[in-house]
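# Close look at the chain arrangement
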Amino acid sequence: MLLTKTLSSSTFKQALIAIGTFGVIASAILIYVYVSTNSYVRNRTDRAIATEYMSLHNIYDRAGRDGVIASIRERMTDKSFADNLYLLTDPSLSMLAGNLRDWPAAAAAATTGWTEFRAIDSLPEAATVPLVRATTGILPNGDRLLVGRDISDIDGFTAQIKTAMILIIALIFVVAGVVSILVTRRTVGRIEQINATSRAIMQSGLDKRIPLRGSNDEWDRVAENLNSMLDRIEALMGEVKQVSDNVAHDLRTPLTRMRGRLEKALHNSRIADHDQALISDTITDLDAVLRIFTSITRIAHIETNARKGAFRTVNLAEIAGEVVELYDAAAEQNGTSLVLAGDCEVVVTGDRDLLFDAVANLVDNAIKHGRVGGHVVVKVENLEGGAVTSITDDGPGIPADQHQRVFKRFYRLEQSRYAPGNGLGLSLVAAVANLHGARIEMLDNAPGLKFKLWFSPPPLPV
Amino acid sequence: MTGGHRRILVVEDDPETAGQLIEQLTTSGYWVDLASSGAEALRHGAANDYAVITIDRMLPDFDGIAVMRQLRDDGIAAPFLIISALGEVDDKVRGLRAGGDDYLVKPFSFLELLARLEALGRRSETIAKETILRVGDLAIDLISRTASRRGKEILLLPREFQLLEYLVRNEDRIVSRAMLLQHVWDLHFDPSTNIIDVYVGRLRRKVDDLQAYPLIHTVRGVGYCLRAPD
């Protein structure tokens, strides 16, 4: 099964293309080497034959037919001319001298020039049938002269080169093929491991991880990244579960109240006043349920980033001013002094409604959880690091170890569990800040709490 | 209001919701026509003169917004109240931009619907070009932006004046908290706190304390109504 996957994998196909290209180039180089070696060797032979022919021709010019016959006979006995073949005939092709018995059939038609033939009937002492390369010509008196050379060993040499080259080419293809199968198999094996883990996750759960080989190669990095992605997903799933548990709890409480109330009313006799109160209480509880519901969908909607299209340039100071004005009455009722401070013109790119909602939530929290008769300051400034909105109260504050947790949905400090609110306000603030690329900072105001929204990243703390 | 202007077209595909709407609107003195699909809405809308058309976003055949556009293109001037389960701010803004006059998110309280219908129906009436509006012994001057009762000036912040003006303009009608947020603060969401009540509470102390009779009345579960005694 792994082999089938290997052969059908794209890596293997790519390897085949690479092998093909490389093989064709290597073959072309080897063929070129073969052809040029061959022609070099032949050229040398041809030159030697031509020189020999010319020297016999010169002898004819000096000493005539008899001189040539004498020279040929002399050369046939000379060891240093052992590879040479000679044939001198009269115009009717009957032999006058030489070590070749008959005029070769291959050269019969052509009276002059180069020819190659198997000297079957020459040199009876030769063990093998030699391959001969020869040049032929007609002497001025009409005699014919053939000078040749046994090129069997040259031929053998080139044939050997040829065989070697073919073997090398074959070897290249075979080795490359085998190596690419092995390499592809390794790749396919890693991918198969990832696939198997994915299938296991789909079937059983998010607790599986892709095993690392410790080779620190790109596959390990892919596996590492996938694993950390799985960690993140698992954490998010955990959070979702936590949230849905909380949602279930926060929704169940009013729903249980409503159900109990209605059930009691069903069994009791109808009393107009009671019914009136019951219905009105039920509607109030229903509204609370709906509000939680709306808040959750609203946060989810903001978190999908869909709102970015509606971003405009807005003045943060103006928004903060409007929030302060809206909450002025509530602060007054609480005996809190609510003050706006800072610059008048702090421009950011964002969504007015959302920014208003975020600042309003922070101000609402500051008034609600601050000290009765305390001070809440909303400050909007242009700082070097960007636009900053800070909301400060002088109430009990939040313990430093719980700073991060308050942004979780439905998270409420133990002491404020029974205060009005649904624990979604800061999640909304976090979602809005995230959408605007703003950073939230929570500082201890000793006493109290300071929320800072940085609309551009502040300089990194040293 | 003439009989013709108490006539409302309800475009709603859920039979139970439609039934409740018809029953309650009829009880409140409206003539109600029902269209349960976009095609029906187009037919009714073109054939009759309605004071208000309420339209659901998700209809079985067309998007409510498309129906609204078509009716507008056909020259129907009646105000549209979009009633939809899509409640995000950008859904609202998109609906309003496409020619809707107001937006209500499902589920809604019937009193809220009634308040919005009243406010929309009034738009088609001519708005008096007076510069001083009076309700009982309250007078507000739209030019100098001041308010007084029995000639005694009430000191108001600019936003408080805007709030009072909106209540006065909707005299005798219920105004919901969401409507106040929308028209006085230009906010298209519910801050889900009692912040509006606190704000109106302070305005009420300024307007009604130490007076012969109260003008600003709380309507339980919905909002407020500014009304002089008969």
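One structure accompanies this document, and this report is about it. (Residues numbered from 1 in each chain as written. Chains lettered and ligands numbered in written order. Predicted model: local features only at pLDDT ≥ 70, side-chain atom pairs only at ≥ 80, totals over all residues.)

Turning our eyes to something else, we now look at the nonpolar core. Nonpolar side chains tend toward joint burial in soluble globular proteins. All names here are of chain A. Core analysis: the largest hydrophobic core is formed by 104 residues, its most contacted members being Val-323, Tyr-327, Val-359, Val-363 and Val-432. At 11 residues, helix α7 (residues 316-334) tops the list of elements feeding residues into this core. Discounting residues that sit within four places of it in the chain, Val-432 has contacts with Ile-302, Leu-354, Leu-355, Asp-357 and Ala-358. In terms of nonpolar packing, the next biggest core, distinct from the first, is built from 17 residues, Leu-56, Leu-87, Ala-119 and Leu-146 among them. (Core = buried A, V, L, I, M, F, W, Y, C linked by C-beta atoms within 7 Å. Buried ≥ 20, exposed ≤ 12 C-beta atoms within 10 Å, placed from the backbone. Helix = DSSP H or I, 4+ residues; strand = E, 2+ residues; numbered from the N terminus. Contact = placed C-beta atoms within 7 Å.)

This next bit is on the interface of chain A and chain B. Contact with chain A, which involves 21 residues of that partner, is made by 19 residues of chain B. Looking at the side of chain A that touches chain B, the elements that each hand over two or more residues are α6 (272-303), α7 and α8 (352-369) of chain A. For the side of chain A that touches chain B, the per-class residue count stands at 9 nonpolar, 4 polar and 8 charged. (Nonpolar A, V, L, I, M, F, W, Y, C, P; charged D, E, K, R; others polar.)

On to the packing of α8(A) against helix α9 (residues 425-435) of chain A. Residue and element names in this part refer to chain A. At a closest axis distance of 9 Å, the pairing of α8 and α9 adopts a crossing angle of 140°. Crossing of α8 over α9 shows left-handed handedness. For the pair formed by α8 and α9, the contact residues are Leu-354, Leu-355, Asp-357, Ala-358, Asn-361, Leu-362, Asp-364 and Asn-365 on the first element and Gly-425, Leu-428, Val-429, Val-432, Ala-433 and Leu-435 on the second. Residues belonging to the contact of α8 with α9 are distributed by class as follows: 9 nonpolar, 3 polar and 2 charged. (Axes fitted to C-alpha atoms, helices over the stretch in contact; angles between N-to-C directions. Left-handed = near helix turned anticlockwise from the far one by under 90°.)

In this sheet, strand β12 (residues 223-226) of chain B lies alongside strand β11 (residues 216-219) of chain B in antiparallel orientation, the contact comprising 4 bridges. Within β12(B), the position partnered with His217(B) by the bridge is Cys225(B). (Pairing = 2+ DSSP bridges.)

All right, on to unusual backbone geometry then. Residues and elements named next belong to chain B. Residue Pro-107 follows Lys-106 across a cis peptide bond; omega there is -10°. Here Pro-107 lies in the loop between β5 (102-105) and α5 (110-123). Backbone geometry places Arg-145, a non-glycine residue, at a positive phi of 55°. Note that Arg-145 resides in the loop between β7 (138-141) and β8 (146-149). With phi around 70°, Asp-172 is a residue other than glycine that occupies positive phi space. By the secondary structure assignment, Asp-172 is in the loop between α6 (158-169) and β10 (174-176). Classification of Asp-172 as exposed rests on a count of 10 C-beta atoms within 10 Å.

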